[in-house]
Amino acid sequence: MILRADCRHFPGDRPCTFNKTEGVVCDDCPHYERPGMRILVIKLDAVGDVLRTTCILPGLRERYAAPEITWVTRSSALDLFRNNKLVDRVLAYESTEAVLRCAVEEFDFVINLDTSADSAVLASHVKGKEKLGYGLDSKGNVFPFNPEATRWLEMGAFDRDKKANAQSYQDLMLEICRLHPKDKRIVLNLSPDELVFADGFSRKRKLPRGRVRVGMNTGSSPRWQYKQWTMEGFRGLIRLILRKTDWTILLYGGPHEARRNAALRKLHAKRVIDTGTDNSLREFFSLLTLSDVFLTGDTLALHAATALKKKVVAYFGPTSSAEIDSYGGQILKVHSDLDCLCCYKTRCDFDPHCMNSMTPEFMFGHLQSAVASLSAENLAR
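What you see as residue numbers is a count from 1 along each chain, following the sequence as written. With the structure being a predicted model, the display of local features is reserved for residues of pLDDT at least 70 and the display and counting of side-chain atom pairs for 80 or more, all residues being used for whole-chain, interface and lining totals. Hydrogens and waters are ignored; side-chain quantities use all the structure's heavy atoms.

A.B. asks: Help me understand the sheet that holds strand E2 (residues 68-73), please; the structure alone is not making it clear to me.
C.D. replies: Within a sheet, adjacent strands bond to each other through the backbone by hydrogen bonds, running parallel or antiparallel. Strands qualify as paired when DSSP identifies two bridges or more between them. Runs of H or I in DSSP of at least four residues are treated as helices and runs of E of at least two as strands, each being numbered from the N terminus. The sheet built from 6 strands is open, its strands ordered E3-E2-E1-E4-E5-E6 with mixed pairing. Of all the strands in the sheet, just strand E3 (89-92) and strand E6 (142-144) have a single pairing partner and so form its edges. In this sheet, adjacent strand axes meet at a mean angle of 30 degrees when their direction is disregarded. With 3 bridges joining them, strand E5 (residues 127-136) and E6 adopt antiparallel strand pairing. Within the sheet, the bridge partner assigned to tyrosine 134 lies in E6 and is proline 144. Only heavy atoms enter the contact rule, under which two residues are in contact if any of them lie within 4.5 Å. Between N-to-C directions, angles span 0 to 180 degrees; the directions come from axes that are lines fitted to C-alpha atoms, helices contributing only their stretch in contact. Here helix H4 (residues 96-104) sits on the sheet in contact with strand E1 (38-42), E2, E3, strand E4 (106-112) and E5, set at roughly 115 degrees to E3.

Shown next, in the form of structure tokens:
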């Protein structure tokens, strides 16, 4: 009997699926498959950026025949890759396994798309025939492995370059990876059980069928003061919706938005629904499927709603709207007319500022445009 340990289906410490289900062994197994290019992707920070960086996966699969793709990320982002068949293996950066495997294994391509020293040192240390993105030199300085990576490094260093940029994040990352795919979607796949979870919530809360549901992600990372629209803005917008439409409003957020969403929910007991602020990451994604149109700032929720093919109204202040790919009009990008936008300041003492200068009427108008673009099939449930 011959054991083909190089088969991509053999996990090493137990029989493969086909041995278990069909009883086949390596001698005559029709499923034997050697991996093609061995590719290591390093992308650690932050969860939202890790999610939108999955846009490189269709391109890698398109360019290389049967590649074996390993992705190293922080443990907080591991759940992003559940049900993602485009990645063969995901390793937690904090784990001993990731460190040891990266010390022993050799890859054809190493792609590091983080400019942080944590990521760069790993990319420099691991064995790879070709490296793209960023490494760390002997003096502790981050440097680009390939010329295509220089621009993103400079954009991170100079606010002027960041503000002048007109390319989307997806296009910038694909350029670093030397990929030109037909498909650059963000990859997020929900399981049947996760869809059942969302349906159960809908039934329990008796969400009306055939009526527009507008989701509102009311918060953002505490790091960014004005990625988040004002409480007064949300309150005024919800009152406009309640007065002028029959839409149902779904509130989304995490622990930081618990008090905010609880207060907004009181505006109407039946038409303003709090989806909860203590959901797991995957539950949060599942509940996003209940919205027809989704209003959000530049957050993880924006990238998740995009991946789930929702119509999105995204508002911007201190961060670049140009870096967000509109995906052919799926995302409607809105912002105030102040000239200090895209400042990348985490705090601001200007008044008016980028968020309070966007009125409820302004936001309502854009939501109406987004809703008008929906087809009847979008609302059929």
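Following the structure, the description resumes.
A.B. asks: Sorry, what's going on with the sheet that holds strand E11 (residues 311-316) here?
C.D. replies: As summarised here, the arrangement of the 6 strands in space is E9-E8-E7-E10-E11-E12, forming an open sheet in which the pairing is parallel. Looking at which strands have only one partner, the edges of the open sheet turn out to be strand E9 (272-274) and strand E12 (331-335). Pairwise comparison of adjacent strand axes, ignoring direction, gives a mean angle of 20 degrees for this sheet. Pairing geometry for E11 and E12, over 5 bridges, is parallel. Within the sheet, the bridge partner assigned to tyrosine 315 lies in E12 and is valine 334. Across the face of the sheet, helix H11 (residues 258-265) comes into contact with strand E8 (248-252) and E9 while running at roughly 155 degrees to E9.

A.B. asks: Help me understand the pattern of salt bridges in this model?
C.D. replies: Side chains carrying opposite charge are able to pair once their charged atoms draw close together. By definition, a salt bridge exists where a carboxyl oxygen of Asp or Glu is found within 4 Å of a side-chain nitrogen of Lys or Arg. Per the counting criterion, the structure on display carries 27 salt bridges. Between aspartate 88 and arginine 8 there is a salt bridge whose closest N-O contact spans 2.9 Å. Of this pair, aspartate 88 sits in the loop between E2 and E3 while arginine 8 is found in the segment before helix H1 (17-22), placing the two residues 80 residues apart along the sequence. Between arginine 74 and aspartate 118 there is a salt bridge, with its nearest N and O atoms 3.2 Å apart. Residue arginine 74 is located in the loop between E2 and E3, and its partner aspartate 118 is located in helix H5 (residues 117-125); the two are separated by 44 residues in the primary sequence. Note on classification: 1.4 Å probe, protein chains only; a residue is buried when its accessible area is under 20% of the maximum for its type, exposed when over 50%, partly exposed between these limits. A relative accessible area of 19% places arginine 74 in the buried class. By relative accessible area, aspartate 118 is classed as partly exposed at 35%. Through salt bridges that share partners, Arg38, Glu68, Arg89, Glu97, Arg101 and Glu105 make up one connected network.

A.B. asks: Hey, could you run me through a positive patch on the surface in this one?
C.D. replies: Positive charge collects at one region of the surface, where Lys204, Arg205, Arg265 and Lys266 lie side by side. With respect to the helices, strands and loops of the structure, arginine 265 is situated in helix H11. By relative accessible area, arginine 265 is classed as partly exposed at 36%. Each patch is built from salt-bridge-free residues with over 30% relative accessible area, joining like charges within 9 Å and nonpolar side chains (Val, Leu, Ile, Met, Phe, Trp, Tyr) within 5 Å. Accessible surface area values rest on a Shrake-Rupley calculation with a 1.4 Å probe, where residue burial reflects the displayed protein chains alone. Positive charges are assigned to Lys and Arg, negative charges to Asp and Glu, while His and the chain termini are left out of the count. Each charge is placed at NZ for Lys, CZ for Arg, CG for Asp and CD for Glu.

A.B. asks: Got a minute to help me understand helix H14 (residues 360-372) in this structure?
C.D. replies: Each α-helix turn comprises 3.6 residues. Residues three or four places apart therefore point the same way. With 13 residues, H14 ought to run about 18 Å at 1.5 Å a step, and its terminal C-alpha atoms sit 18 Å apart, in line with that. Along H14, the residues that are buried comprise Pro360, Met363, Phe364, Leu367, Ala370 and Val371. Down the axis of H14, the buried set is contained in an arc of 120 degrees. They therefore lie on one face. Pointing more than 90 degrees away from the buried face of H14 are the exposed residues Glu361 and Ala372. Given the number of residues in a helix, its expected span is that number minus one, multiplied by 1.5 Å. Along the arc lie the directions from the helix axis toward the C-beta atoms.

A.B. asks: Help me out: how do you make sense of the packing of aromatic side chains in this one?
C.D. replies: When we look at a pair of aromatic rings, we describe it by the centre distance and by the angle of the planes. Classification of ring pairs rests on two measures: the distance between centres of Phe, Tyr or Trp rings, Trp counted by its six-membered ring, which must be within 6.5 Å, and the angle between planes, read as stacked under 30 degrees, edge-to-face over 60 and tilted in between. Summed over all chains, the structure comprises 10 aromatic pairs. With 6.2 Å between their ring centres and 55 degrees between their planes, phenylalanine 284 and phenylalanine 285 make a pair best called tilted. Under the relative-accessibility criterion, phenylalanine 284 is labelled buried at 11%. An aromatic cluster is present here, built from Tyr252, Phe284, Phe285 and Phe294 joined pairwise through their rings. Remark: a charge is flagged as sitting over a ring if the NZ atom of Lys or the CZ atom of Arg is within 6 Å of the ring centre and within 35 degrees of the ring normal. Seen from the ring of tyrosine 169, arginine 52 lies directly overhead, with NZ or CZ sitting 3.8 Å from the centre.

A.B. asks: Is there a simple way to explain the pairing of strand E7 (residues 213-217) in this structure?
C.D. replies: Regular strands place side chains that alternate from one sheet face to the opposite one. Most of E7 is tucked away: 5 of the 5 residues are buried. Covered by surrounding structure in E7 are Arg213, Gly215 and Asn217 together with Val214 and Met216, the residues of both alternating faces. Bridge analysis of E7 against E8 gives 5 bridges, and the strand direction is parallel. Among the inter-strand pairings, glycine 215 is bridged to a residue of E8, identified as leucine 250.

A.B. asks: Any chance you could explain the packing of helix H12 (residues 281-288) against helix H13 (residues 300-307) here in plain terms?
C.D. replies: Axis angle and axis distance: for two packed helices, these are the angle between their axes and the distance between the axes, and together they describe the pair. In the contact formed by H12 and H13, the axes pass within 10 Å of each other and the chain directions differ by 55 degrees. Here H13 runs oblique to H12, going by the angle between their axes. As for the relative orientation of H12 and H13, their crossing is right-handed in sense. In this structure, H12 uses Leu281, Phe284, Phe285 and Leu288 to contact H13, whose residues at the interface are Leu300, Ala301, Ala304 and Ala305. Among the residues forming the contact of H12 with H13, the class breakdown is 8 nonpolar, no polar and no charged. Oblique is the label for any angle not under 35 degrees, not over 145, and not in the 65 to 115 range, which are roughly parallel, roughly antiparallel and roughly perpendicular in turn. For any pair of crossing helices, the crossing counts as left-handed if the nearer helix is rotated counterclockwise from the farther one by less than a right angle, and right-handed if it is rotated clockwise. In the scheme used here, Gly and all other residues not listed as nonpolar or charged are polar, with Ala, Val, Leu, Ile, Met, Phe, Trp, Tyr, Cys and Pro taken as nonpolar and Asp, Glu, Lys and Arg as charged.

A.B. asks: Is there a simple way to explain unusual backbone geometry in this structure?
C.D. replies: With the exception of glycine, the majority of residues adopt a negative phi angle, and the majority of peptide bonds are in the trans configuration. Here the phi dihedral of asparagine 83 falls at roughly 65 degrees; this positive angle occurs in a residue that is not glycine. Taking relative accessible area as the criterion, asparagine 83 reaches 37% and is therefore assigned partly exposed.

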